[in-house]
Each structure stands twice: as C-alpha cells, then as structure tokens.
Amino acid sequence: MTGSPELRPLGETLGTEALGIDLSRPLDDATFGWIERAFAEHPVLVFRNQNLGPAELATFGRRFGGPRIHSLVKYRHSEYPEVSWLTNVDADGKVDWFGVKRATDWHTDSPYDDDLPRLAILHAKEVPAAKGGTMFADMRAAYDTLPEAMKQRLARLVGLHGRGDGPAGERLYNGDLERQTDRDYAEKAHPAIRIHPVTGRPLLFVNPVHCHGFVGMDKDEAWPLIEELAAHSTQERFVYYHSWQVGDVLMWDEAATMHRGAGDYEPRERRIMLRTIVYPN
Ligand code: OGA
Ligand code: MN
C-alpha cells in the first residue's frame, strides 16, 4: 500500500468512496483490514476507476468469504460461475427485457438461499448516459427509527422469504422468475429483526420483493405490514442513489442495507456490470 487510503462521503447517507486503492493488484493485509473496518461503518463502499476482469472480481470477493453461484442461470459467467452478468443486452445485441426490469424494487439478495449472503459487489462496465443508478436504504436507521411498539412487535416476528413472491416481487415479476432457475428454492424463515454479525447493531430484515409473510400471520395482515415497513425503510433520508461511472466497484452489506435498481433509464442504452455475491465462511 502506498499512502493510506481515505474515505469520502458521497452524500448524506450510506454511499462512501474509498480512495487510493487499486483492486487489480493483490490486496495486502493492511489494505484488506482497512477495507473491512471501513465497510463495517460504511455498508455501501465505492472504489472508482477500477478495471477488473471476472477472475479479479472473484478474487476480490473471495477475500470476504465464500462465493456462491447465483440463482439466475442465464446470467452466470461461463468461465467464472461465481461471477454473473448484470446486463440489459441479449446475446444478439437486442434489449433483454428481463435484464431491464430485474431487481428494480427493494430487496436484499437471495434470502431464499440456504444461508444468507454477507455482501455483494458490482463492477460497472457500460452505463447509460443518464440515470440507471442503484439505490440503497439504510436498514440500521430503518430499525432505529421504528416506533417502540413496532420494535417490540417485530422482535417476535419471523419473516418468510421466497423467490420474488412478496408484494413488490409479484408486481415486478408476475411469475416469470420461475423459468430462470435450475433448482427449486424452499421458503426460508428469518427473524424480522437481525443483529449484524460484525457490528452487533439491530437491523430491520424485511424486504417487499422476497418476504411474503410472517410465521403464524395471515396474508391480509402480513402484506400491508410488509408494505408499511418498506415505505418506512425507504424514506428519502435513509436512501443513497448511486450514479454509476464506468470502472466503479461498489460493495454493499446484505444485512445493513436493502437495494434496488432505480429502473429509471432508457432501456436501449447499454447497462452492463459484473457481479459477485459473497457468503460468510
Ligand atoms: C443486484 C441488483 C440492481 C441494479 O445486482 O443484486 O439488485 O441496479 N442490482 O441493477
Ligand atoms: Mn439485488
């Protein structure tokens, strides 16, 4: 490491730039430790002007835990299965409409998987001229600002998570997720309030794409509650909008934040990123 890296806030909340790190080179332990400490406090961390191939992105991700193959078969990288594409362009160069709408409502990744991911990383290769950002909501702040009675209610609730079958998931995907996977995912139960494994902070862990109910609660009661919690969590004061630049490597904490594609760009403009998702070791 030459010189010490620095942090620079990108706005009022969440988004933080890490300056002075070249991720194409092997990360020495001091730099890695610095990133880990920064990430614990700043769960959306951005490294600008990087140029990584899939192997390098996978190597960076592996420093933080175990990589995992993503559920969407079509977007897996052919040589590096732990890396996948985020793209709105089909093999024949036309607009990939599933790629355009994918992930454009609030979620955390893969809560239907066998265990919960720790973090995910996106690396922008081609970005629209305007908009096409990714939004992040601070689920620490979302928890902290809940009314006391709601905190107590949620402390007893266990959320049920599937593949896009929550209220926002149904609106977004309308059932067309099923054709995209090569295995079935059983519903998974996660307490509505989680304790962050690194920082020990309480977090609201309910998202409207994947969470479709709570143990022992009717849908009539659960869906309005899920929507209410989503509205609470995504108030402007808790949200960071990341405007992508080519070369950005952005890592986010899958416990401390929810995210979504803003879904606000012109679909005929290319938007292509590499992505990897990392699970605790
Ligand atoms: C993701 C995701 C949103 C976007 O990669 O997990 O949700 O902005 N991406 O495309
Ligand atoms: Mn996602």
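A brief report on the enclosed structure follows. (Residues numbered from 1 in each chain as written. Chains lettered and ligands numbered in written order. Predicted model: local features only at pLDDT ≥ 70, side-chain atom pairs only at ≥ 80, totals over all residues. Heavy atoms only, no water.)

## Points about the pattern of salt bridges
Between side chains of opposite charge, pairing is possible as soon as their charged atoms come close. Taken as a whole and assessed by the stated rule, the structure comprises 17 salt bridges. Residues lysine 94 and aspartate 92 are paired through a salt bridge, measuring 3.8 Å at the closest nitrogen-oxygen approach. Assessed through its relative accessible area of 56%, lysine 94 is described here as exposed. Each of Arg8, Glu17, Arg48 and Asp248 takes part in one network of salt bridges that share partners. (Salt bridge = Lys/Arg side-chain N within 4 Å of Asp/Glu carboxyl O. Buried < 20%, exposed > 50% of the residue type's maximum accessible area, 1.4 Å probe, protein only.)

## A few points about the site of ligand 1
The immediate surroundings of ligand 1 are formed by Leu86, Ala103, His107, Asp109, Leu122, Gly133, Thr134, Trp252, His259, Gly261, Arg271 and Arg275. Contact distances for ligand 1 include 3.0 Å between an oxygen atom and a side-chain N or O atom of histidine 259. At a separation of 2.7 Å, an oxygen atom of ligand 1 approaches a polar side-chain atom of arginine 275. A majority-of-atoms criterion places ligand 1 in the largest cavity. Its residues placed into classes, the shell around ligand 1 shows 4 nonpolar, 5 polar and 3 charged. (Near = heavy atom within 4 Å. Polar contact = N/O pair within 3.5 Å; in protein donor to acceptor, adjacent residues only side chain to side chain. 1 Å grid on protein atoms, 1.4 Å probe; cavity = no way out; pocket = protein on both sides within 12 Å on 5 of 7 lines; lining within 4 Å. Sits in = over half its atoms within 2 Å of the grid points. Nonpolar A, V, L, I, M, F, W, Y, C, P; charged D, E, K, R; others polar.)

## Some details on the coordination of the manganese ion (ligand 2)
Protein ligation of the manganese ion (ligand 2) involves His107 (NE2), Asp109 (OD) and His259 (NE2), the donor distances falling in the range 2.1 to 2.2 Å. All donors of the manganese ion (ligand 2) belong to a single chain; written as a sequence motif, their spacing is H-x1-D-x149-H. With histidine 107 in the loop between α3 (97-101) and β6 (119-126) and histidine 259 in strand β15 (residues 257-261), this residue pair connects regions lying 152 residues apart in the sequence. The class for histidine 107 is buried, based on a relative accessible area of 6%. Residue class for histidine 259 comes out buried when judged on its relative accessible area of 4%. (Donors = N, O, S within 2.8 Å, 3.2 Å for Na, K, Ca; no water. Helix = DSSP H or I, 4+ residues; strand = E, 2+ residues; numbered from the N terminus.)

## Focus: the sheet that holds β15
With respect to topology, 3 strands assemble into an open sheet ordered β13-β7-β15, the strand pairing being antiparallel. Sheet topology places β13 (239-242) and β15 at the edges, where each strand pairs with a single neighbour. Taken pair by pair, the neighbouring strands of this sheet meet at an average axis angle of 20 degrees, ignoring direction. The pairing of strand β7 (residues 134-138) with β13 spans 4 bridges and is antiparallel. Within the sheet, the bridge partner assigned to phenylalanine 136 lies in β13 and is tyrosine 240. (Pairing = 2+ DSSP bridges. Axes fitted to C-alpha atoms, helices over the stretch in contact; angles between N-to-C directions.)

## Here we look at the packing of helix α5 (residues 148-155) against helix α7 (residues 219-233)
Where α5 meets α7, the closest approach of the two axes is 14 Å, and the angle between their N-to-C directions is 125 degrees. What the angle tells us is that α5 and α7 run oblique. Along this stretch, α5 crosses α7, giving a crossing that reads as left-handed. Counted together, Met150, Arg153 and Leu154 of α5 and Glu221, Leu225, Glu228 and Leu229 of α7 form the full contact between these two elements. Broken down by class, the residue content of the contact of α5 with α7 amounts to 4 nonpolar, no polar and 3 charged. (Parallel < 35°, antiparallel > 145°, perpendicular 65-115°, else oblique. Left-handed = near helix turned anticlockwise from the far one by under 90°. Contact = heavy atoms within 4.5 Å.)

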